[in-house]
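The primary structure of each chain is shown beneath.
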Amino acid sequence: MPPVRNESSSFHSEALTFISSLLPPFSALPLPKLLKLIYRLMGCDASVLIASKPGNTSGLAEKDAHDNKNLPVEAFDSIKKAKALVENKCPGVVSCADILAIAARDFVHLAGGPYYQVGKGRWDGRISMASRVSFNLPRANSSVDELLKLFGSKGLNLEDLVALSGAHTIGFAHCEHFVSRLYDYRGTKKPDPYIEPRFLKALQMSCPPFGGNVDVVAPFDVTTPFSFDHAYYGNLQAKMGLLATDQALFLDPRTRPIVVELGKDKQRFFQAFSAAMEKMGSIGVKRGRKHGEIRKDCSVHS
Ligand code: HEM
């Protein structure tokens, strides 16, 4: 049983300072993987970190859902290691959800992005079920209406959707998520007309229509793939969005003005991204023993 936590105690804030001091050794971890992981939480209770129990007949944990099959093993390991170090120093105080949120923030900053506030004092979720995952995730070909509905159901608005999608300024996607745009757009047997021709050719070379290597990935931001900047929005305006959902943000008249605005000004993007990450970090936050737990090991319920 974890000790009762006092969020305002200096013990707790010391623990959090301690976590931040642990992060540099983990900076070798590719940032995108961690950021994607935190986004996948969209509810920020670390339920995605739980591993399925061998032989469990009541269902798989979230981590093992089909939609999470490409989630990065390195990111899980890093969070596990950070948690073990923190537990060693101050057991039962800092949740896995807090560690994940702080780590993602610090990595965004390391990649040149903004340093935003992370609300602390989350508890970890007690439920982790693979069957809940697909309802909560957008598809690479979701319409803007579907994205708005999903984001709206979490309390996120139009601007949050556009700003958070700016996380695709870094990282990579597997061909399976955009290959239909390259050869058979909506059953037309032709490429999506909203792909810049040279960009289309380059993607087609990496991703054949059939029989390609399933491990091949393409960068989301072809211009500056490794820096956290606002180039993503410029790319959308030049028809160089990778996923249909990325490009759709420029095609839809509701989101286009926001794409144009964030594409003009890096500071404006950083401000919108920070605000949206703060909001996302507070979605479905668990507090207290009734709904939450402070895990000792992030992959196992207490
Ligand atoms: C708006 C709807 C979104 C859709 C449809 C979407 C979809 C995807 C897909 C299909 C991938 C590639 C997965 C793979 O091939 O392994 C991906 C990667 C990624 N997503 Fe999103 N995403 C969305 C929003 C977000 C948000 C809000 C964030 C963060 C705040 C985010 C962060 C990332 C990152 C950082 C990667 C790259 C991971 C890597 O390189 O390993 N995404 N996303």
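Presented here is an overview of the structure given in this document. (Residues numbered from 1 in each chain as written. Predicted model: local features only at pLDDT ≥ 70, side-chain atom pairs only at ≥ 80, totals over all residues. Heavy atoms only, no water.)

### Some points on helix α8 (residues 197–206)
Filter applied, for reference: Exposure categories follow from relative accessible area, calculated using a 1.4 Å probe and restricted to protein chains: below 20% of the type maximum is buried, above 50% is exposed, and the middle band is partly exposed. Helix and strand assignments follow DSSP, with helices taken as H or I runs no shorter than four residues and strands as E runs no shorter than two, numbered in order from the N terminus. Summarising the geometry, the arc corresponds to the directions from the helix axis toward the C-beta atoms. When checking whether two residues touch, look at their non-hydrogen atoms; a contact exists if any pair is within 4.5 Å. We define a polar contact as two N or O atoms separated by no more than 3.5 Å, with the added condition that, inside protein, one atom must be a possible hydrogen donor and the other a possible acceptor, whereas residues neighbouring each other in sequence contribute only through side-chain atom pairs.
Listing the buried residues of α8 in full gives F199, L200 and L203. Projected down its long axis, α8 shows its buried positions confined to an angular sector of 100 degrees, all on one face. Structural note: α8 exposes P197, R198, K201 and M205 on the side pointing more than 90 degrees away from its buried face. Considering only its buried residues, α8 is in contact with α7 (179–183) and β3 (217–219). The distance from a side-chain oxygen at the start of α8 to the backbone nitrogen of R198 is 3.0 Å, and the residue carrying that oxygen is E196.

### Concerning the coordination of the iron atom of the ligand
The following threshold applies: Because water is not among the atoms used, a metal site may look incomplete, as its donors are only the N, O and S atoms within 2.8 Å, or 3.2 Å for Na, K and Ca.
One donor from the polypeptide reaches the iron atom of the ligand: H168 (NE2), at 2.1 Å. Within the element layout of this structure, H168 appears in the loop between α6 (158–165) and β2 (172–174).

### Some thoughts on the state of the cysteines
Where we set the bar: Counting rule for disulfides: a pair of cysteine sulfur atoms within 2.5 Å.
The final tally for this structure, using the stated rule, is one disulfide. A sulfur-sulfur distance of 2.1 Å marks the disulfide that ties C175 to C207. As the torsion about the S-S bond is roughly -65 degrees, the C175-C207 disulfide counts as left-handed. Of this pair, C175 sits in the loop between β2 and α7 while C207 sits in the loop between α8 and β3, and the two are 32 residues apart along the sequence. Here the two residues C175 and C207 agree in accessibility, since each one is buried.

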